[in-house]
Structures are given as structure tokens and as C-alpha cells.
There are 2 protein chains.
Amino acid sequence: MEFRSLVESRSSVRTYQKKPVEEEKLNYVLECARLAPSWANGQCWRFVVIRDPDVRKKVAATSLLNRWLKTAPVILVACADPKESGTRNGLHYFCVDVGIAFEHIVLAAADVGLGTCWLGAFDEKQVKTVLGIPKQIRVVALSPLGYPAKRTSLFGKIIKTIARSKRRKPLEDFVHYDHW
Amino acid sequence: MEFRSLVESRSSVRTYQKKPVEEEKLNYVLECARLAPSWANGQCWRFVVIRDPDVRKKVAATSLLNRWLKTAPVILVACADPKESGTRNGLHYFCVDVGIAFEHIVLAAADVGLGTCWLGAFDEKQVKTVLGIPKQIRVVALSPLGYPAKRTSLFGKIIKTIARSKRRKPLEDFVHYDHW
């Protein structure tokens, strides 16, 4: 799909079909993350792709808010090894690197008809325990991945309507020219 | 351009033509940032678009490494108001939000034939002073924006060759299935 249409049309998906995600599509979205730019090309990102229903259930159970996650055929867990990124002005760039790479996944998914939903509100410690993620690795975000449900729940419909309208600030609220 | 081709072909550009960036293209790349997803749709991002040659010179002078920046017709400064994003598990999500939105700009720029280059190594304090950026605002990244030079310098050529080859880890180095 054209980049412009992709950016305009992509929105968070919270209800999914049971239909599995084809290997080819999964590899395509991961490949798009692989090609992302990163701090000194360090590629600090790591991804856990969860298809096993028991593991999905366990990850979904780590947060009351994210129970619905288990209904997606795939859960993606975006992690980083901070050692492979940089720190400058007190900012940890592994968050930027993972932001870029995971957004590549999000856009690539929309490109092949798959839904995603950026999730930052989760219990990192519990997610790490369930998945056996090493101490030095940070979990930055989760997302479901799958085919959007055709008949969504009322909750899904409300959220979809809100998301579709893309409520955003106008440019003049966040763009400055030559000086703040 | 198709998203797939965009991700495959985009690379950092360090030498630029003097040709100014058309208002329409500038607005297109900013519009693509505007439509990015963010923590609770907080849209914490702020951008300073520098076209004034004197201001560009001053920003470029804040770092020895980034002197070449002044040769680009536009410098973009990606900032965030952390209050409009979230913090979870000790991570500041304004870095993720700006990572996403600035990468939308980077891809949108490539989509209309413009070059960019993610820069995280700069002196935030000095950049803030030059641009009059308020205390509570964080500067996350800089990038030049402009038409890539047709005849690049030797340095530019070397960098371009390296970047074009997209040296990246294979998927198996950073993807885990169901468990770490």
C-alpha cells in the first residue's frame, strides 16, 4: 500500500478473528523491523512472537487491562538490549530504537491487512517472568497481531470509531518555525 | 511509494543540494507525524523547523560532529513535552512517541524524494539555548531535511555505500518464538 494511505488509515485494533497469521506475513512484518534505522546501527531490538495459546493466556493474565490480548492469534513483545543502544543527555535511546522498529511492524501489518495495537501499560516484571526474559533486557511494548474481527464488540466499535476519526492536534499546536 | 519499497530503500543522507524544500512537501512530512499513534493519544511531540541560514549555522555549531548539518536547507528538531506522555516500569514513553512520529517524518520524506538522517548525538542544553526551547521540553533528535546531493563527497559516498547495504542482523538473532 502507498505510505500516505497507510499512515492515514491505520488505527488500533482490539478485536480479532481466530484465523492464524500466515508465516509469510509474520516474516514480512519482522523483516520491516529488521530494516529500521537505530542508534549507531546497534539494532538493540528483540522480539518475542507468541502463538502458543497457553503462553498468550499467561501474558494476557499479567494485567487486568490487557486480558483481551489472549484473543489475538499472535502477541508481539518488543524488547531491547540497552547495551546495544546509546544514552545521551540522560535519555535512553533504546526506547527510540524500539519505537521506530515496532512502528515499522505496525505499518507493515496494516500493509498486509493485519491489525495491531501499541500497548505500554503492562507489568514488565511479570511479563519477563512468564517469558523467561533475561534480567538485562527491557520490555518496551506489547501488541496483538491478527486479522481484525469483522463483527466487533460494542467496546471494539466505540474504540474503532474514536480511533478512525484520528483526533489529532492541528499542526500549529506543535510546529515552530526557526525558533520556539 | 509502496511501504515495502520505502523501508527497503530509505537510508541516511549526509550531503544535500541547496534547493529549498517546497512548502507542500514540508507540510506532507509534518502531517505524517501528526497522524502517528502515541501514548494515550497524548501527541507529546513538538517540532522546530529551521530554514533560516543563521539559525541553522548556530544549531550546527553546537556540536563538532554535526557541523555538516548547516548545509541542509532545513534542520528538524524533534522535541517532546513529557507531561503529555506516560511513564511505566521506569521508562519514559515520550522517547517512544517521538521515535514513532519522527520515523513517520523520515519515511514520508523518502516518499517524496527527500533525505533525512536521525541524529541523537548533540548537546541538548546548547540546542535549547539557541532555539529558546522551554525548560520542561526535551530534545530527542535532530535531522537534516532536503534533496540528496547528486554528486556526493568521498565521505558521503562511503557512508552511502555502507548505509545502502543495510547491514542488519538476521531475524534469528533477535526473534524468539513463544519463549525467550
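Each residue is numbered by its place in its chain's sequence as written, counting from 1. Each chain gets a letter, beginning with A, and each ligand a number, beginning with 1, in the order they are written. Whole-chain, interface and lining totals are the exception, using all residues; otherwise, since this is a predicted model, local features are given only for residues with pLDDT of at least 70 and side-chain atom pairs are given and counted only at 80 or more.

A. The arrangement of the overall build of chain A in detail. Within chain A one finds six helices and six strands. Listed N to C, the secondary structure of chain A is α-α-β-α-β-β-β-α-α-β-α-β in terms of helices and strands. The globule rule is 2.2 Å times the number of residues to the power 0.38, and the radius of gyration it is compared with is taken over C-alpha atoms. Taking 2.2 N^0.38 as the reference for a compact globule, 180 residues should give roughly 16 Å; the C-alpha atoms of chain A span a radius of gyration of 17 Å, in line with that estimate. Principal axes of the C-alpha set define a box for chain A whose edges measure 50 × 40 × 30 Å. Neighbour counting defines burial: a residue surrounded by 20 or more other C-beta atoms within 10 Å of its own C-beta is buried, one with 12 or fewer is exposed, and intermediate counts give partly exposed, using backbone-placed C-beta atoms. Across the 180 residues of chain A, 47% fall into the buried class. In chain A, the proportion of contacts linking residues at least 24 apart, taken out of those at least 6 apart, comes to 79%. Secondary structure follows DSSP: runs of H or I at least 4 residues long count as helices, runs of E at least 2 residues long count as strands, and numbering of each begins at the N terminus. A pair of residues counts as a contact when their C-beta atoms, built from backbone coordinates, are within 7 Å of each other.

B. Spotlight on the packing of helix 4 (residues 94–111) of chain A against helix 4 (residues 93–111) of chain B. Fitted lines through C-alpha atoms give the axes, limited to the stretch in contact for helices. The angle between two N-to-C directions lies from 0 to 180 degrees. Across the interface, helix 4 of chain A lies against helix 4 of chain B with an axial gap of 7 Å and an inter-helix angle of 50°. What the angle tells us is that helix 4 of chain A and helix 4 of chain B run oblique. Along this stretch, helix 4 of chain A crosses helix 4 of chain B, giving a crossing that reads as right-handed. Across the interface between the two elements, Cys95(A), Val96(A), Val98(A), Gly99(A), Ile100(A) and Glu103(A) of helix 4 of chain A pack against Cys95(B), Val96(B), Val98(B), Gly99(B), Ile100(B) and Glu103(B) of helix 4 of chain B. Each angle receives one of four descriptions, namely roughly parallel if under 35 degrees, roughly antiparallel if over 145, roughly perpendicular if within 65 to 115, and oblique otherwise. It is the rotation of the near helix from the far one that decides the hand of a crossing: anticlockwise by less than a right angle makes it left-handed, clockwise makes it right-handed.

C. Up close: helix 5 (residues 124–131) of chain A. All names here are of chain A. When we look at burial in helix 5, the residues that qualify are Val127, Lys128, Val130 and Leu131. The arc enclosing the buried residues of helix 5, seen along the axis, measures out at 165°, which places them on a common side. Away from its buried face by more than 90 degrees, helix 5 exposes Lys125 and Thr129. At its buried positions, helix 5 is contacted by strand 1 (45–50), helix 3 (53–60), strand 2 (74–80) and strand 5 (138–145). Arc definition: it is the arc formed by the directions from the helix axis to the C-beta atoms.

D. Quick look at the pairing of strand 5 of chain A. Residue and element names in this part refer to chain A. Counted residue by residue, strand 5 has eight buried out of eight residues, so it is predominantly covered. In terms of strand pairing, strand 2 meets strand 5 through seven bridges, oriented antiparallel. Residue pairing in the sheet places Ala80 in a bridge with Arg138 of strand 5. Any two strands between which DSSP finds at least two bridges are classified as paired.

E. Summary view of the environment of Ser5(B). For Ser5(B), the location among the structural elements is in helix 1 (residues 3–9). Along the sequence, Ser5(B) and Leu26(B) sit 21 residues apart, while their C-alpha atoms lie 21 Å from each other.

F. Focus on the sheet that holds strand 2 (residues 74–80) of chain B. As summarised here, the arrangement of the four strands in space is 6(A)-1(B)-2(B)-5(B), forming an open sheet in which the pairing is mixed. In this open sheet, the two edge strands, each paired with only one partner strand, are strand 6 (175–177) of chain A together with strand 5 (138–145) of chain B. Between one strand and the next, the sheet's axes are offset by a mean angle of 20°, whatever the strand orientation.

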